[in-house]
Amino acid sequence: MIVGVDAQLAVGTATGIGVYQRGLLTALSAAGIAVRALSQPRLDPWRFDRRVLWDQILLPLAAVGSRCDLVHCTSGTMPLWSPAPVVVTVHDVAWLRVQDHVRPYARWYFGRYQAARYREARVVLVDSAFSRDEYLELVGGPSERVRVAYPGVDGIFATIARAPHSEPTILCVGTVEKRKNLLVAIEALPALPQARLIVVGPSTPYRAVCETRARELGVSERIAFRGFVTDTELHALYAEAWVAVVPSRYEGFGYGAAQAMCAGVPVLAGRGSSLTEVVADADALIGADDVTGWTEALRAIVAAPERAWERAEGARARAVDRFGWDTTARVVATAYADALA
């Protein structure tokens, strides 16, 4: 069996899906599965028109060239035609649920159009039980075709040596967009006069909203928008963070939370969506828009960090086991076999 795996979003500086693609290719190869990475390095995957070009034309052509027996569409998008049966990973169905603020053509393409394509897949992989339930409600189809496969976290996070910074450091990893809800962490900063907030991930117009509010609150100088960082820089940031925050209103999985847990960093996350399932700690979950709750939780960690650090370190091994790539590879390999059966 040869599997062609869509790896286009791993081109250049990868965000969450690109990280998923890279890790999946490595894990499947280690499990003895013959995989072919399908990508076009010279094509910018972040322009809408070029993304459509890749999905609908270049990806099927690359699959033909790879002579694969199965195509794994890992970016949450599928082509209208494929030369081989398809397994698709649907990371979330946010485009059908919470992306009303984006341009209509993007909402249609990533939402309703792709929902119609998903029905043609042999197997649908989702990142969490929450995403499975959302998929079945909003897309439908036979439930036995939908399988949960947690994305893996790179094993290097389990080896990060913790060295918290001398200043209280709050780390937020993820795209700066409305549903990620960074604003609630900014609202808490005035009550934490010694703390700084470091934000890692690509920006959207929502960043301007956050910067405006930070200026109004007088905390701009304590917020650093780092954008994309190298893997080495990201690991260093997790090493020195006092706490990681994931205040999202909607997540299909929540890589920022899983990575922090594997690195032994205390996590505070928005209660609801997949984060309740992934974090699995009621004390670490706060209403996404509860500014008072976020302020009190962060103040407690800043005031007495050692207890939170010790607890996070104690839970680290369990997180590494839950989010190991070898576990993901086994689930995905079974999906491949079933798709071709």
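An account of the accompanying structure is given in this report. Along each chain, residues carry numbers from 1 onward, in the same order as the chain's sequence is written. Local features in this predicted model are restricted to residues of pLDDT 70 or higher, and side-chain atom pairs are both shown and tallied only at a pLDDT of 80 or more, whereas totals for entire chains, interfaces and linings draw on every residue. Side-chain descriptors were evaluated using all non-hydrogen atoms of the structure, hydrogens and water having been removed beforehand.

### Examining the overall build of the protein
Then step 1. Secondary structure summary: the protein contains 13 helices and twelve strands in total.
Then step 2. Residues count as neighbours in contact if any of their non-hydrogen atoms are within 4.5 Å of one another. Here the contacts in the protein between residues at least 6 apart in sequence split such that 71% fall between residues at least 24 apart.
Then step 3. Calculation of accessible area relied on Shrake-Rupley with a 1.4 Å probe; when residues are assessed, cover is drawn exclusively from the protein chains displayed. Of the roughly 14700 Å² of accessible surface on the protein, a fraction of 54% belongs to carbon and sulfur atoms.
Then step 4. We count Lys and Arg on the positive side and Asp and Glu on the negative side, and we leave His and both chain ends out. Charge positions come from single atoms, namely NZ of Lys, CZ of Arg, CG of Asp or CD of Glu. Averaging the positions of the 36 positive and the 36 negative side-chain charges in the protein gives two centres separated by 4 Å. Working definition: helices are DSSP H or I runs of at least four residues, strands are E runs of at least two. Numbering for both runs from the N terminus.

### Focus: a nonpolar patch on the surface
Then step 1. Taken together, the side chains of Leu 53, Ile 57 and Leu 61 make up a nonpolar region of the molecular surface, amounting to roughly 270 Å² of accessible area.
Then step 2. Here Leu 61 is to be found in helix α2 (residues 48–66). Within this analysis, patches are made of residues with over 30% relative accessible area and no salt bridge. Like charges are joined at 9 Å or less; nonpolar side chains (Val, Leu, Ile, Met, Phe, Trp, Tyr) at 5 Å or less. By salt bridge we mean one thing: a side-chain nitrogen of Lys or Arg within 4 Å of a carboxyl oxygen of Asp or Glu.

### Looking at helix α7 (residues 206–217)
Then step 1. The span expected for a helix works out to 1.5 Å for each residue beyond the first. The first and last C-alpha atoms of α7 sit 17 Å apart over twelve residues, in line with the 16 Å expected at 1.5 Å per residue.
Then step 2. Using a 1.4 Å probe on the protein chains alone, a residue whose accessible area is under 20% of its type maximum counts as buried, one over 50% counts as exposed, and one in between counts as partly exposed. By the burial criterion, the buried members of α7 are Tyr 206, Cys 210 and Ala 214. Seen from one end, α7 has its buried residues packed into an arc of 80°, which puts them on one side. Exposed residues on α7 whose side chains face more than 90 degrees from its buried face are Arg 215 and Glu 216.
Then step 3. On the buried face of α7, the contacting elements are α6 (183–188) and β9 (223–227). Throughout, the arc means the angular range of directions from the helix axis out to the C-beta atoms.

### Details of the sheet that holds strand β8 (residues 196–200)
Then step 1. The strand order across the open sheet built from six strands is β9-β8-β7-β10-β11-β12, with neighbouring strands paired in parallel fashion. The open sheet is flanked by β9 and β12 (285–287), the only strands paired with a single partner. Between one strand and the next, the sheet's axes are offset by a mean angle of 25°, whatever the strand orientation. DSSP-based pairing: two strands are paired if at least 2 bridges between them are found. Angles here are taken between N-to-C directions and fall from 0 to 180 degrees, while the axes themselves are lines fitted to C-alpha atoms, restricted in helices to the stretch in contact.

### Comments concerning the packing of aromatic side chains
Then step 1. Each aromatic pair joins two rings of Phe, Tyr and Trp (for Trp, the six-membered one) with centres within 6.5 Å, and gets the label stacked for planes under 30 degrees apart, edge-to-face for over 60, and tilted for any other angle. All chains considered together, the criterion is met by 16 aromatic pairs.
Then step 2. Measuring from centroid to centroid gives 5.1 Å for Trp 108 and Tyr 113, while their planes differ by 45°, and the two rings are tilted.
Then step 3. On the accessibility criterion, Tyr 113 (16% relative accessible area) is buried.
Then step 4. Members of the aromatic cluster, joined through ring pairs, are Phe 48, Trp 95, Tyr 105, Trp 108, Tyr 109, Phe 110 and Tyr 113.
Then step 5. The side chain of Arg 117 reaches across the aromatic face of Tyr 113, ending 4.7 Å from its centre. A ring is scored as having a charge over it whenever the NZ atom of a lysine or the CZ atom of an arginine sits within 6 Å of its centre and within 35 degrees of its normal.

### Concerning the pairing of strand β4 (residues 86–90)
Residues in a regular strand point their side chains to alternate faces of the sheet.
Then step 1. For β4, the tally of buried residues reaches five of five residues, placing the bulk of the element in the interior.
Then step 2. Judged from the four bridges that link them, β4 and strand β5 (residues 123–126) form a sheet pairing that is parallel. Across the sheet, Val 90 pairs through a bridge with Val 126, a residue of β5.

### Quick word on the environment of Arg 145
Then step 1. You can see Arg 145 is positioned in the loop between α5 (129–138) and β6 (146–148).
Then step 2. Arg 145 sits 22 residues away from Val 123 along the chain, and the two C-alpha atoms are 4.9 Å apart.

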